[in-house]
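Coordinates in review
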Amino acid sequence: MTVVAEEKPKQENAYTCLKCGIPLEPGEVTVSYLGSSFPVELPRCKQCGFVLVTEDLALGRMLQVEKTLEDK
Ligand SMILES: [Zn+2]
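Nothing here was measured: the structure is a model prediction, and the numbers come from that model.

A closer look at the overall build of the protein
From N to C terminus, the protein includes one helix and two strands. Each helix and strand of the protein, placed in order from N terminus to C terminus, yields the pattern β-β-α. The contacts in the protein between residues at least 6 apart in sequence include a share of 29% that link residues at least 24 apart. Just so you have it, the protein exposes about 6,100 Å², and 52% of that area is on carbon and sulfur atoms.

Brief notes about the coordination of the zinc ion
Coordination of the zinc ion by the protein is provided by C17 (SG), C20 (SG), C45 (SG) and C48 (SG), with metal-donor distances spanning 2.3 to 2.4 Å. Of note is the zinc ion, whose four donor atoms meet at the metal with angles of 105 to 113 degrees in an arrangement that counts as tetrahedral. Sequence spacing of the donor residues for the zinc ion, all on one chain, is C-x2-C-x24-C-x2-C. On the criterion of sequence distance, the pair formed by C17 in the segment before β1 (25-33) and C45 in the loop between β2 (36-44) and α1 (55-71) is long-range, its members being 28 residues apart. When its relative accessible area of 2% is taken as the criterion, C17 is described as buried.

Quick look at the pairing of β2
Regular strands place their side chains on alternate faces of the sheet. Where β1 and β2 come together, nine bridges link them in antiparallel fashion. Bridged to E28 within β2 is E41. Hairpin connection of β1 to β2: two residues between the antiparallel strands, including L34 at a positive phi of 55 degrees.

Focus: the nonpolar core
By size, the foremost hydrophobic cluster in this structure holds six residues: V29, V31, F38, V40, L42 and V65. Broken down by element, this core gets its largest block of residues, three residues, from β2. Those residues in contact with V29 that lie beyond four places of it in its chain are F38, P39, V40, L42, R44 and V51.

Side note on the environment of L34
As for its placement among the helices and strands, L34 is situated in the loop between β1 and β2. We classify L34 as exposed; its relative accessible area is 54%. The spacing of L34 and V65 is 31 residues in sequence and 9.2 Å in space, taken between C-alpha atoms.

Calculation notes
- Residues numbered from 1 in each chain as written.
- Predicted model: local features only at pLDDT ≥ 70, side-chain atom pairs only at ≥ 80, totals over all residues.
- Heavy atoms only, no water.
- Helix = DSSP H or I, 4+ residues; strand = E, 2+ residues; numbered from the N terminus.
- Contact = heavy atoms within 4.5 Å.
- Areas by Shrake-Rupley, 256 points an atom, 1.4 Å probe, with all protein chains shown as cover.
- Donors = N, O, S within 2.8 Å, 3.2 Å for Na, K, Ca; no water.
- Tetrahedral: all angles 85-135°; square planar, octahedral: opposite > 155°, others 65-115°.
- Buried < 20%, exposed > 50% of the residue type's maximum accessible area, 1.4 Å probe, protein only.
- Pairing = 2+ DSSP bridges.
- Core = buried A, V, L, I, M, F, W, Y, C linked by side-chain atoms within 4.5 Å.

Set out below in structure tokens:
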């Protein structure tokens, strides 16, 4: 029996700002989507303000928001 795990290894603090060479730290960033603004926690560089938007994170959060909007 083969079990396919979809879980990806957690790699927090695995991202580094290429510009500053310092590790990105999770921070709350406001994202606009479908006419709504909502806070998302994303890895960001505290020095230059670069925000790393990973597809998984953004899509996961946006699906949540879409559900929330539909429920209203
Ligand atoms: Zn930076």
